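So the chains spell out like this:
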Amino acid sequence: MDDQEMQLKVRRVSDKFTESMYVLANEPSVALYRLQEHVRRSLPELVQHKTDMQSWEEQSQGAIYTVEYACSAVKSMTNSSVYFKNIDSLLRQAITMKEQISNSHGRRKRTMDPGMLKEGGERHSSGM
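All values reported here derive from a predicted model rather than from experimental measurement.

Conventions adopted
- Residues numbered from 1 in each chain as written.
- Predicted model: local features only at pLDDT ≥ 70, side-chain atom pairs only at ≥ 80, totals over all residues.
- Heavy atoms only, no water.
- Helix = DSSP H or I, 4+ residues; strand = E, 2+ residues; numbered from the N terminus.
- Salt bridge = Lys/Arg side-chain N within 4 Å of Asp/Glu carboxyl O.
- Buried < 20%, exposed > 50% of the residue type's maximum accessible area, 1.4 Å probe, protein only.
- Patch = residues over 30% accessible without salt bridge, like charges linked within 9 Å, V, L, I, M, F, W, Y side chains within 5 Å.
- Areas by Shrake-Rupley, 256 points an atom, 1.4 Å probe, with all protein chains shown as cover.
- Expected span 1.5 Å × (residues − 1).
- Bend = angle between axes of the 7 residues up to and from the residue.

Caption draft 1: Main features of the overall build of the protein. From N to C terminus, the protein includes three helices and zero strands. Listing each helix as α and each strand as β along the protein from the N terminus yields α-α-α.

Next comes the structure, spelled out in structure tokens:
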């Protein structure tokens, strides 16, 4: 055997050994171990993100409920404008009637003779 043949055989053995080491290093059990390590390192952060998202979802649902409730309240207020107009009309009528009553009492007092006195020196009152 000459030197070139020996080098070729050594190279083949070396390549086979390297290939075997590569296969051994990337064996499925090693890959699963690396996957497990990755999951173990990243899982706590993922769990924290999940709980944060759930908290934000609850807050969002509360805000959505509040906005929907406010919208329904505003809609019911716009629908109640008829009732407010009716109340306004009734209040105006009540004020007018009060003024009429006050005016009629004022006229009655003026038409009464201020010199008319009841027996005993008291003035005659209208019952008010």
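Moving on, there is more to tell.
Caption draft 2: Structural context of the pattern of salt bridges. A complete count under the given rule lists two salt bridges for this structure. Linking Glu-37 and Arg-40 is a salt bridge whose minimum nitrogen-to-oxygen distance equals 2.6 Å. Linking Glu-37 with Arg-40, this pair stays in helix 2 (residues 28-79), spanning three residues, or about one helical turn. By relative accessible area, which is 53% here, Arg-40 ends up exposed. For Asp-88, the salt bridge identified is with Arg-92, shortest N-O distance 3.1 Å. A residue pair is termed a helical-turn pair when its members lie 3 or 4 positions apart in one helix, as Asp-88 and Arg-92 do in helix 3 (residues 81-111) at four residues. Overall, Asp-88 belongs to the partly exposed group, its relative accessible area being 35%.

Caption draft 3: Region of the structure containing a nonpolar patch on the surface. A surface patch of nonpolar side chains, about 550 Å² in accessible area, is lined by Leu-32, Leu-35, Val-39, Leu-43, Leu-46 and Val-47. Structurally, Leu-35 is set in helix 2.

Caption draft 4: Fine view of helix 2. In this model helix 2 runs 70 Å from its N-terminal to its C-terminal C-alpha over 52 residues, within 8% of the 76 Å that 1.5 Å per residue would give. Roughly 40 degrees is the biggest bend found in helix 2, and it falls at Ser-42, with proline Pro-44 one to four residues downstream.

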